[in-house]
Amino acid sequence: MTTRPAAPGEARSPRALLGLAAVAVAFAAADTYVVVLALPDLMASAGIPIDELQRAAPIISGFLLGYVAMLPLIGRIADLRGRLPVLTAALVVFAFGSLVTALAYDMPSMVAGRFLQGLGGGGLVPATLALVADLYPRERRGVPLGLVSAVQEIGSVLGPLFGAVVLAVADWRAIFAINLAVGLLLAAAIRMLAGSDPARPARRIPDPVGVVLLLVLLGAGATVFWSPPRLMADLTWGELLTPVVGSGRWLTPLGLATIAAAVLLVIRCATAARPLVDLRSWARSTREADLLGALLLAASLGGVILAFATADPEVQAFSEQGLWYLLGAAVATVALVLHLRRTTTPLVPHGALRARPAWGAVVVSFFVGAALIAALVAVPLFARSTSYRDSQLMAALVLVRFLVALPVGAVVGGYLTRRHSAGVVTAVGMALAAVGFALMSQWDSDALEGWTCNVALLVGGFGFGLALAPVNAAVLASTDDDVHGLASALVVVARMVGMLVGISALTAIGLRRYYAAQDKLRTVAEICGPEATKVCKAYRTQQLDAAITQEQTVFLGAAVSAALAAVLALVLFRGAATRAVSAGDLLRTAG
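Residues numbered from 1 in each chain as written. Predicted model: local features only at pLDDT ≥ 70, side-chain atom pairs only at ≥ 80, totals over all residues. Heavy atoms only, no water.

Would you mind showing me how to read the overall build of the protein chain here?
When its secondary structure is counted, the protein chain shows 21 helices and zero strands. For the protein chain, the residues scored as buried account for 49% of the 591 residues in total. Taking the intrachain contacts of the protein chain between residues at least 6 apart in sequence as the baseline, contacts between residues at least 24 apart amount to 79%. As displayed, the protein chain offers around 27000 Å² of accessible surface, 66% of which is attributable to carbon and sulfur atoms. (Helix = DSSP H or I, 4+ residues; strand = E, 2+ residues; numbered from the N terminus. Buried < 20%, exposed > 50% of the residue type's maximum accessible area, 1.4 Å probe, protein only. Contact = heavy atoms within 4.5 Å. Areas by Shrake-Rupley, 256 points an atom, 1.4 Å probe, with all protein chains shown as cover.)

So, in structure tokens, the structure goes:
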């Protein structure tokens, strides 16, 4: 295997660097879920009625699209430029996306901000996982990989709680303002801790022209987004926010000045001797990483994401335009395959995933995601249908029991990976997850009233956590050092795509069972009597039982997916050198 030279600062204070990167991953994971509670307020700010929730779907899918679509390209750039530059750049993009979202005034600006947040947040994951591989030998990666997975899941747990706390004292814009501050602070801390490259001359004062253009861009742009009422009402200064033509904000004098500042800043960064941002170097790395291949892959993944993420999981498998999205994804996939065969510098280098545990980790991750999404979606839906019909918050808290066990399992799984094979640890974890889902498939309308439901939730969450670290360890141990970023990105992408495809397939099966149960229901007259003037309790009970049948089917399908992941891990992870070699192993080998 080839060894990638350590990037500047990667060997300095490894624990501190990894700690900062893990905190960044956790914060980005929290942002994935923080928008759930704030969604009604975002809709109101964009002028969308609360009863038209489907129109707000791009706020969610925009983040997912940014998170997943460009992940392989970012992972490949991390292999070419080093982990820390990509970590810093991803945090800056995440912070800028938070700024755009905080200042957003309509749906397009919100979606653009969320897309940038997803792009930056997604870039943190493969760079951090590859950083673990750079800092630790194979036999010692299990625990740090488990810790990274644990803090990522902790971020998912704390995301809704963080949003609830902020919304209790401020409006939704404060959430993204905090994201902006934390993103910039983490980027600065990583940059300072990493130090400078001794092979390059010391950095001088930042390009003054670039700094001025950046300040003009941020100041003018923020004013255009915010459009202060007092400024607009002023007879003199208000002209700056009066459209020259048409009615768009960007056609005002201040909007045009913002656009001009952005164009000049890009030109300055591309031509200056010591630019504020070295766009030429990043452009070169992007070309070397195969930009065309990344765009084709992004189009393919984007079609899948839009087909499933814009659907309502309660009533449909994928959106009304889903077939067109999937057709576009298929065309992009064919073009990508042809491109990878012809280009000399492909996005996925030839033979990068040749080892069975390497491509096996991608396959296993897909089925892990397909099972995991059932818990994230079906558990709250089941709670809303049964015990917590009037409280979305209480229904969400049922899922927290599952999510709390997940990071605990991640740490334990990382520790076990040092002593046992990745296949065995993953198989045990996913078998536990399958047991948890099998128990959930037996839930009735009163299941959440007692304590026994916690067994299924805790066992399932712990099992999923147990499998996270060994899957990442297997792919890192079976690929060359110079493709660790790409390989980690592909594992993450496979899990996300598995989640989207899984919820679609499981929902379709569940809906079929639900409609079959509906066809067998007795009428109101048959149950409540021919003279009944309103629906009786017995009729509502049979309606509820039919709805529960759908969720039970989803849970059972998730158990099958988890069991498949367990079997595949045992078969495909054989030969992955992830554990420490003991004295007994050496003696047996010598014998």
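Sorry, what's going on with the environment of Leu347 here?
Turning to its location among the elements, Leu347 is positioned in the loop between α13 (322-342) and α14 (356-385). Along the primary structure Leu347 and Pro72 are separated by 275 residues, whereas in three dimensions their C-alpha atoms are 7.8 Å apart. Once residues within four sequence positions are removed from consideration, Leu347 is found in contact with Pro72, Leu73, Arg76, Ala289, Asp290, Gly293, Ala294, Leu297, Leu340 and Leu486.

Explain the pattern of salt bridges here, please?
Here the idea is simple: oppositely charged side chains can pair when their charged atoms come close. Evaluation of the coordinates by the stated rule reveals four salt bridges. The partner of Arg83 in a salt bridge is Asp134, and the shortest N-O contact between them spans 2.7 Å. Linking Arg83 in helix α4 (residues 83-103) with Asp134 in helix α5 (residues 107-135), this pair joins segments that are 51 residues apart in sequence. The class for Arg83 is buried, based on a relative accessible area of 0%. Linked by salt bridges that have partners in common, Arg76, Asp79, Arg83 and Asp134 make up one network. (Salt bridge = Lys/Arg side-chain N within 4 Å of Asp/Glu carboxyl O.)

What is the right way to read the nonpolar core from this model?
Buried together is how nonpolar side chains tend to be arranged in soluble globular proteins. Phe402, Met430, Phe437, Met440, Trp443, Phe464 and Phe573 are the most contacted members of the largest nonpolar core, which has 118 residues in total. Residue contributions to this core peak at 15 residues, all from α14. With residues up to four places along the chain from it excluded, the contact list for Phe464 reads Val368, Ala371, Leu372, Phe402, Leu406, Gly429, Met430, Ala433 and Phe437. Core analysis: the next-biggest nonpolar cluster, separate from the first, contains 18 residues, Ala38, Leu39, Ala46 and Trp172 among them. (Core = buried A, V, L, I, M, F, W, Y, C linked by side-chain atoms within 4.5 Å.)

Whenever I open this one, helix α7 (residues 173-194) confuses me. Can you help?
Residues three or four positions apart in an α-helix share a direction because the helix packs 3.6 residues into each turn. The end-to-end C-alpha distance of α7 is 32 Å, a good match for the 32 Å that 22 residues give at a rise of 1.5 Å each. If you check which residues of α7 are buried, you get Ile175, Phe176, Asn179, Gly183, Leu186, Ala187, Ile190 and Ala194. Looking down the long axis of α7, one finds its buried residues gathered within 100° of arc, a one-sided arrangement. Relative to its buried face, α7 has exposed residues pointing more than 90 degrees away, namely Leu185 and Met192. (Expected span 1.5 Å × (residues − 1). Arc of directions from axis to C-beta.)

What am I meant to see in the packing of helix α2 (residues 57-69) against α5 here?
The relative placement of two packed helices comes down to the angle between their axes together with the axis-to-axis distance. Where α2 meets α5, the axes come as close as 6 Å, and the angle between the chain directions of the two elements is 35°. For α2 against α5, the interelement crossing comes out right-handed. Contacts from Pro58, Ile59, Gly62, Phe63, Leu65, Gly66 and Tyr67 in α2 reach Met107, Met110, Val111, Arg114, Phe115, Gln117, Gly118, Leu119, Gly121, Gly122 and Val125 in α5. When its residues are assigned to classes, the contact of α2 with α5 shows 11 nonpolar, six polar and one charged. (Axes fitted to C-alpha atoms, helices over the stretch in contact; angles between N-to-C directions. Left-handed = near helix turned anticlockwise from the far one by under 90°. Nonpolar A, V, L, I, M, F, W, Y, C, P; charged D, E, K, R; others polar.)

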